[in-house]
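Each chain is listed here by its residues.
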Amino acid sequence: WFAECYARCERRLFPATVAERELLDAISWDVLERGVVRVTAVRGAGLPAKDKGGTSDPYLKISLHDVVRRSKVVKKSLNPEWNETLEFKGRLCDLIGKPNAPRLMKVAAWDHDGHFDLDDSLGRAMVDLEPILRSKEPADFVVPLMQRGEGQQGIIDLKVHWLTREELKAEEAAKAAAPSPTSAKKMGRSDASRQTQPASSRQASESSESQRESSAP
């Protein structure tokens, strides 16, 4: 463990190339920082048909090093809408690789046939994650899927964002502070019941409240 940390610190302090040094200087957080790479699979377009009916049942496999995440299956579509977020948690250096290695995320689209060993490939792509290393803002990627010997096989729309542990804590705190949908609905019903209450009833309740206040010591 000590040797590994020492080697990483050495590579950070003494980068091997000018490009590597410029990239490390541009990164606004430590590569040993823990957090999450959040990948949103938005949609696909123009995917190849692999089923007899002229459609496919596409899903995605997205990989960062040895970690693989799988999206849901969209039935009978060549233009699927996933709108699904997949998360890769860990240290940035473990998720994106060594400082002198390409920052690549693997994307593979598959047609679901019911048995994983029989699923048909719809194309593959490699996504360069360097934009999210240079900015804390989410990055949009329109990724062309390629198939060996067949050329482009459609496109995939992705959103990628790196969030540090502190940013995740702030996000969770904001969610906890926000009112839940059920409480908001109850408040809305309460306000509506007050507005629909007859004028005579409101006047009677207001007069009773004023009498209680005047009789109070």
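Look up: the structure comes first, before these words.
Right, let's walk through the structure included here. (Residues numbered from 1 in each chain as written. Predicted model: local features only at pLDDT ≥ 70, side-chain atom pairs only at ≥ 80, totals over all residues. Heavy atoms only, no water.)

1. A closer look at the overall build of the chain
Part 1 of the reasoning: Each helix and strand counted, the chain has seven helices and eight strands in total.
Part 2 of the reasoning: Counting only residues that meet the buried cut, the chain has 35% of its 217 residues in that class.
Part 3 of the reasoning: Excluding contacts between residues fewer than 6 apart, the proportion of contacts in the chain whose partners are at least 24 apart in sequence is 60%. (Helix = DSSP H or I, 4+ residues; strand = E, 2+ residues; numbered from the N terminus. Buried < 20%, exposed > 50% of the residue type's maximum accessible area, 1.4 Å probe, protein only. Contact = heavy atoms within 4.5 Å.)

2. Some remarks on the side chain of aspartate 157
Part 1 of the reasoning: Take aspartate 157: it is sitting in strand β8 (residues 151-164).
Part 2 of the reasoning: Reaching out from aspartate 157, the side chain makes a polar contact with the side chain of arginine 43 at a distance of 2.8 Å.
Part 3 of the reasoning: When sequence neighbours within four positions are dropped, the list of residues in contact with aspartate 157 reads Thr40, Ala41, Val42, Arg43 and Phe141. (Polar contact = N/O pair within 3.5 Å; in protein donor to acceptor, adjacent residues only side chain to side chain.)

3. What about the environment of glutamate 167?
Part 1 of the reasoning: By secondary structure assignment, the location of glutamate 167 is in helix α5 (residues 165-177).
Part 2 of the reasoning: Here glutamate 167 falls in the partly exposed class, since its relative accessible area comes to 27%.
Part 3 of the reasoning: C-alpha of glutamate 167 to C-alpha of valine 36: the two residues are 131 residues apart in sequence and 9.8 Å apart in space.
Part 4 of the reasoning: Setting aside anything within four residues of it in sequence, one finds glutamate 167 in contact with Lys136 and Trp162.
Part 5 of the reasoning: Among the polar contacts listed, one links the side chain of glutamate 167 to the backbone nitrogen of threonine 164, at a separation of 2.8 Å.

4. Brief notes about the packing of aromatic side chains
The geometry of an aromatic ring pair is captured by the separation of the ring centres together with the interplanar angle, meaning the angle of the planes.
Part 1 of the reasoning: In this structure the tally under the stated criterion is zero aromatic pairs.
Part 2 of the reasoning: A cation sits over an aromatic face here: arginine 69 above phenylalanine 88, 5.3 Å from the ring centre. (Phe/Tyr/Trp six-rings, centres within 6.5 Å; stacked < 30°, edge-to-face > 60°. Lys NZ or Arg CZ within 6 Å of the ring centre and 35° of its normal.)

5. Comments concerning the pattern of salt bridges
Part 1 of the reasoning: One pass over the structure, following the stated rule, counts five salt bridges.
Part 2 of the reasoning: A salt bridge links glutamate 87 to arginine 38; its shortest N-O distance comes to 2.9 Å. Taken together, the positions of glutamate 87 in strand β4 (residues 81-91) and arginine 38 in strand β1 (residues 34-45) put the pair 49 residues apart, joining distant regions of the chain.
Part 3 of the reasoning: A salt bridge links lysine 159 to aspartate 140; the nearest nitrogen and oxygen atoms lie 2.8 Å apart. Here lysine 159 is found in strand β8, whereas its partner aspartate 140 is found in strand β7 (residues 139-147), with 19 residues between them in sequence.
Part 4 of the reasoning: Salt bridges linked by common partners bring Arg38, Glu87 and Glu171 together as one network. (Salt bridge = Lys/Arg side-chain N within 4 Å of Asp/Glu carboxyl O.)

6. Considerations on the pairing of β7
Part 1 of the reasoning: Across the two faces of β7 the burial differs, with Ala139, Phe141, Val143, Leu145 and Gln147 buried and Asp140, Val142, Pro144 and Met146 not buried at all.
Part 2 of the reasoning: Pairing between β7 and β8: eight bridges, direction antiparallel. Directly across from glutamine 147, in β8, lies its bridge partner glycine 151.
Part 3 of the reasoning: As consecutive antiparallel partners, β7 and β8 are separated by three residues, and within that stretch glycine 149 has a phi angle of approximately 85 degrees, a positive value. (Pairing = 2+ DSSP bridges.)

7. With respect to unusual backbone geometry
Part 1 of the reasoning: You will see that histidine 65, though not glycine, has its phi angle at about 55 degrees, which is positive.
Part 2 of the reasoning: With relative accessibility at 47%, the residue histidine 65 sits in the partly exposed group.
Part 3 of the reasoning: Although it is not a glycine, lysine 76 sits at a positive phi angle of roughly 50 degrees.
Part 4 of the reasoning: On the basis of relative accessibility, which here comes to 64%, the residue lysine 76 falls in the exposed class.

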